[in-house]
Number of protein chains: 2
Amino acid sequence: MVQSNIIPNWLIKRAYLTPNRPAIFFHNYTMTFQQLFDEAKTVAEKLHHVGVQIGDRIGVLLNNHPETIVLLHGLQLLGCETVLLNIRLQDEELLYQLNDSEAIFLISNEKLIEQHNGLKNQWDHPIISIEQLRQEKEKSFPLTEQFTMDDLCTIMYTSGTTGHPKGVMQTYGNHWWSAIGSVINLGLHEGDAWLCAVPLFHISGYSILIRSVLYGIPVILFEKFDEEAINETLISGKATIISVVTAMAQRMLQQLGNRSYHPNFRCMLLGGGGVPLSLLETCKEKEIPVFQTYGMTETASQIATLSPEDSLSKLGSAGKPLFFSQLQIVKEGVQAKPTEIGEIYVKGPNVTRGYWKREDANRESFTVDGWLKTGDMGYMDEEGYLYIVDRRTDLIISGGENIYPAEIEQIILSHPHVKEAAVVGVFDAQWGQIPMAFYVVKEGKNVDEGELIRLCREHLAKYKVPKRWIQLNELPKNASNKVLKRLLRKWVENE
Amino acid sequence: MVQSNIIPNWLIKRAYLTPNRPAIFFHNYTMTFQQLFDEAKTVAEKLHHVGVQIGDRIGVLLNNHPETIVLLHGLQLLGCETVLLNIRLQDEELLYQLNDSEAIFLISNEKLIEQHNGLKNQWDHPIISIEQLRQEKEKSFPLTEQFTMDDLCTIMYTSGTTGHPKGVMQTYGNHWWSAIGSVINLGLHEGDAWLCAVPLFHISGYSILIRSVLYGIPVILFEKFDEEAINETLISGKATIISVVTAMAQRMLQQLGNRSYHPNFRCMLLGGGGVPLSLLETCKEKEIPVFQTYGMTETASQIATLSPEDSLSKLGSAGKPLFFSQLQIVKEGVQAKPTEIGEIYVKGPNVTRGYWKREDANRESFTVDGWLKTGDMGYMDEEGYLYIVDRRTDLIISGGENIYPAEIEQIILSHPHVKEAAVVGVFDAQWGQIPMAFYVVKEGKNVDEGELIRLCREHLAKYKVPKRWIQLNELPKNASNKVLKRLLRKWVENE
């Protein structure tokens, strides 16, 4: 029988197939796949020595660094489930995710542990630093030689329109099918190298690691987004593919000026929210091979991407679903006609099987026949090309980070003198969108804007703190007393 | 849950994704994927009209032609299982395969039906010609929108060391994993086009059809091998990849002379038996990108292929197993050490689940943990690269066709005056190997060589008829009375 549910451990296989190919470039440092495997095995043995057991669920709070890649593969070798934590979150937010996911170890580094020193007192499980691990002894264990497609590989948190963030469960199969769907669309060239300046704790970054070991191509890793250094890499021809969000692409183009990228550079994969047509047109003029894509944590990265031959003729479209995935537009409960706007539903082996321990959310988010309702709005043209009209009505995407207004509103409302609050995303030239807050104060009370900012900073990652604040006498509402955020946004736009 | 066992019907999906890309080039004729789908649907509806039902098992006896490709996809749309028949077989051989496979229709063309006119009288089921189908009405049916990996797609017959040919069951999953394993090794370029001058009824040809629809690249189809026309296509740059066997490569190189192939030509996939090192060295000199590969009907084409970076440094090796497959060398029941010669065992999702209705052969051929014993001999070097020493001791590979001596020996032994017979493969500059017969006549009897040739021609495909005949007084045997074919071969070589 075909065991289509089993795949080899991709790093072990890759190190066996092409041990000497480069796996990671980081500044002037190179690591081969053999070295990556050896180091991942070593770090896994060190983790095992400090008490991590096969199959444990482990939180990881780390910035982009080769050691992070090594660690993430090490956890796969140990058969662990990895909870990827956003380093920009506040202690409170991290604690929620650690507790909710039932992680029993947290791996971070000394700097981040110090920045989040509240965790130590409030979380009952061991926090291990990368620095400490380096000094540890090793304890051998049976390597995870193969992966079962349905086994959980990672959990990444995403917020919803209401309530707490939800853990998106990503299986080995999700990651694997995503990478295979991508290669069939984008192709694979000898000499390919994927530039990663997006966070490894996001699906945009983590998925590059999977593609790297499956395809046998290097990751050119950046600690953080640096348009000058990235442009130099793309001009030199060293990188052939890059994953970006709109804000990154804009800054890159501005810094690039009149120069051109190397002809080897064959794909700027542009995802993560609304893309201004002007940006796409500039790319077209400059012959930058931009491929708009649509994806999310729940689809283990891309689910639709424009094909090479359509990148010019279908400007503004996110393309068609990848080979193994499906898309449909649903309007008032039925499939929309071409060009009709509706909610985007997605399905396929790269789509999450659900939110961690959130049966309620799963019932709400999935149809009985397995379609995930994304909450995003879009339409398909007559030829089946997807156009994104709006990400989830509420969702604010700021420099590639998802911001859910509900989370911020809860914090503002926790102020004893605030009566009502509404947060919306407004256009920003640098970040795409930024969060902006409207609030109503209880009668006879006074609330200072600075006070609310301090409150938010205390509880929220910095990028979530509203950049503009407006006090109103009351919020605009519809008949059923729902805040009309649309009106608030329009009001700001017309301002 | 991830449905990793279900894939979309690859042709339907491909026609939806890239309808206007070319699917087939044949002489000056081009067919797009949309046209291929439309025509495949039409032919399937015609078949349905003449009585073919969803899921029926259908024999196909056709030469390379766009209509054959259309038909093979049409049968997949109908959810039929296809038994691919070698057009060079004799009626008797075809009858055996049709009866054994329990096919209930045979699709062929008028010319081949006339050539095999014995079938009509001896086979109880309908024989449909392509020409007749063209005139048929259509009857619609629910298209097979998706494939289940474990479902049977094709059966191809292969002979063993003893007894009748065996039907190798190839599932959709086998074909699919084979194509994915290949793309991860060989890559996929915009503009790729796969030249197919190998028979579509062999796995080498059929697998090109699957890759074409999965990758969205055209097949450049040839009716038969024609080194001049093929060289022109490769010099023009229109084809980027070609599948060949040794005899083809040799004739191509000879015809090529001092000319060079186009730089677009990036892969000559060379399989199907022993490859003389001199051929590889000539390719190296001429900078022809040759990739030696190892595969068989049972592995749905390639299971090991040399990687681009190793094609020069590991000359003579068939490379490492593809990403999802495994290889091991077994000597005296245990895994051989590096450089030690043993039997090649293979495993993976591209490997057949067994021979059709041959529980005995399946028990013999598979280990309890799912390894297929290929019968081929080889070794791995210290770095894990496979070297083929000898295909199944007995197997003769002549111009890419597998010839099993046992089948020929049975025919020779059916002559009333023949006492013993042994057929071996001997070196031939044009075909790689040709079959040669040794026979012993019963006491007091006389058998003419021409008589035996006539007997063979009556029952066997022409390519199987021994080209040289030698009468002996007795065959060399070992203690357990087994014919020492090794000695016979050596004797011919020293001659």
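Note that the structure is a prediction, hence the values are computed from the model and not measured. (Residues numbered from 1 in each chain as written. Chains lettered and ligands numbered in written order. Predicted model: local features only at pLDDT ≥ 70, side-chain atom pairs only at ≥ 80, totals over all residues. Heavy atoms only, no water.)

Caption draft 1: Just the sheet that holds strand E9 (residues 152-158) of chain B, in detail. All names here are of chain B. Spatially, E7-E6-E4-E5-E9-E10 is the arrangement adopted by the six strands of the open sheet, whose pairing is mixed. Strand pairing shows two members of the sheet lacking a second neighbour, strand E7 (127-129) and strand E10 (166-171), which therefore form its edges. Taken pair by pair, the neighbouring strands of this sheet meet at an average axis angle of 25°, ignoring direction. Sheet topology places strand E5 (residues 81-84) next to E9; three bridges connect them, and they run parallel. Note that in E9 the partner of Val83 across the bridge is Ile155. Most of the contacts of helix H8 (residues 172-186) go to E10, to which it runs at about 65°, and overall it touches E9 and E10. (Pairing = 2+ DSSP bridges. Helix = DSSP H or I, 4+ residues; strand = E, 2+ residues; numbered from the N terminus. Axes fitted to C-alpha atoms, helices over the stretch in contact; angles between N-to-C directions. Contact = heavy atoms within 4.5 Å.)

Caption draft 2: Examining helix H9 (residues 203-215) of chain B more closely. Residue and element names in this part refer to chain B. Compared with an ideal rise of 1.5 Å per residue, which puts 13 residues at 18 Å, H9 spans 18 Å between its outermost C-alpha atoms and is within 8% of the ideal. Across the 13 residues that make up H9, a large majority, twelve, are buried. Among the residues making up H9, those that are buried are Ile203, Gly205, Tyr206, Ser207, Ile208, Leu209, Ile210, Arg211, Ser212, Val213, Leu214 and Tyr215. Two residues or fewer after H9 comes Gly216, characterised by a positive phi angle close to 75°. (Expected span 1.5 Å × (residues − 1). Buried < 20%, exposed > 50% of the residue type's maximum accessible area, 1.4 Å probe, protein only.)

Caption draft 3: Representation of the nonpolar core within the structure. In terms of nonpolar packing, the biggest core is built from 203 residues, with Trp10, Trp176 and Leu214 of chain A together with Trp10, Trp176 and Leu214 of chain B touching the most fellow members. Look past the residues within four positions of Trp176 of chain A in its chain and what remains in contact with it is Ile7, Trp10, Met149 and Leu214 of chain A together with Trp176, Trp177, Ile180 and Phe324 of chain B. (Core = buried A, V, L, I, M, F, W, Y, C linked by side-chain atoms within 4.5 Å.)

Caption draft 4: Main features of the pairing of strand E14 (residues 267-271) of chain A. All names here are of chain A. Burial analysis of E14 places five of its five residues in the buried class, the great majority of the element. Burial along E14 is two-sided: Cys267, Leu269 and Gly271 and Met268 and Leu270, pointing in opposite directions, are all buried. Pairing geometry for strand E13 (residues 241-245) and E14, over five bridges, is parallel. In the strand pairing of E14, Ser243 is matched with Leu269.

Caption draft 5: Representation of the interface of chain A and chain B. Counting residues at the interface gives 45 residues for chain A, matched by 46 residues for chain B. Interface area, chain A with chain B, both sides summed: about 3,800 Å², of which 61% is carbon and sulfur. Where chain A touches chain B, the interface holds zero salt bridges. In this assembly, chain A and chain B are joined by 13 residue pairs in polar contact (both at pLDDT 80 or more). Elements represented by at least two residues in the side of chain A that touches chain B include exactly strand E1 (6-8), helix H1 (10-17), helix H8 (172-186), helix H9 (203-215) and strand E17 (320-321) of chain A. A total of six residues in the side of chain A that touches chain B trace back to one element, the largest contributor, which is H8 of chain A. Along the lines of polarity and charge, the residues of the side of chain A that touches chain B split into 27 nonpolar, ten polar and eight charged. (Buried area = accessible area lost by both parts, 1.4 Å probe. Salt bridge = Lys/Arg side-chain N within 4 Å of Asp/Glu carboxyl O. Polar contact = N/O pair within 3.5 Å; in protein donor to acceptor, adjacent residues only side chain to side chain. Nonpolar A, V, L, I, M, F, W, Y, C, P; charged D, E, K, R; others polar.)

Caption draft 6: The arrangement of the packing of helix H3 (residues 66-77) of chain B against H9 of chain B in detail. Residues and elements named next belong to chain B. Running from amino to carboxyl end, H3 crosses H9 at an angle of 70°, the nearest separation of the two axes being 11 Å. The orientation of H3 relative to H9 falls into the category roughly perpendicular. Across the interface between the two elements, Ile69, Leu72, His73 and Gln76 of H3 pack against Tyr206, Leu209, Ile210 and Val213 of H9. Tallied by class, the residues present in the contact of H3 with H9 amount to six nonpolar, two polar and no charged. (Parallel < 35°, antiparallel > 145°, perpendicular 65-115°, else oblique.)

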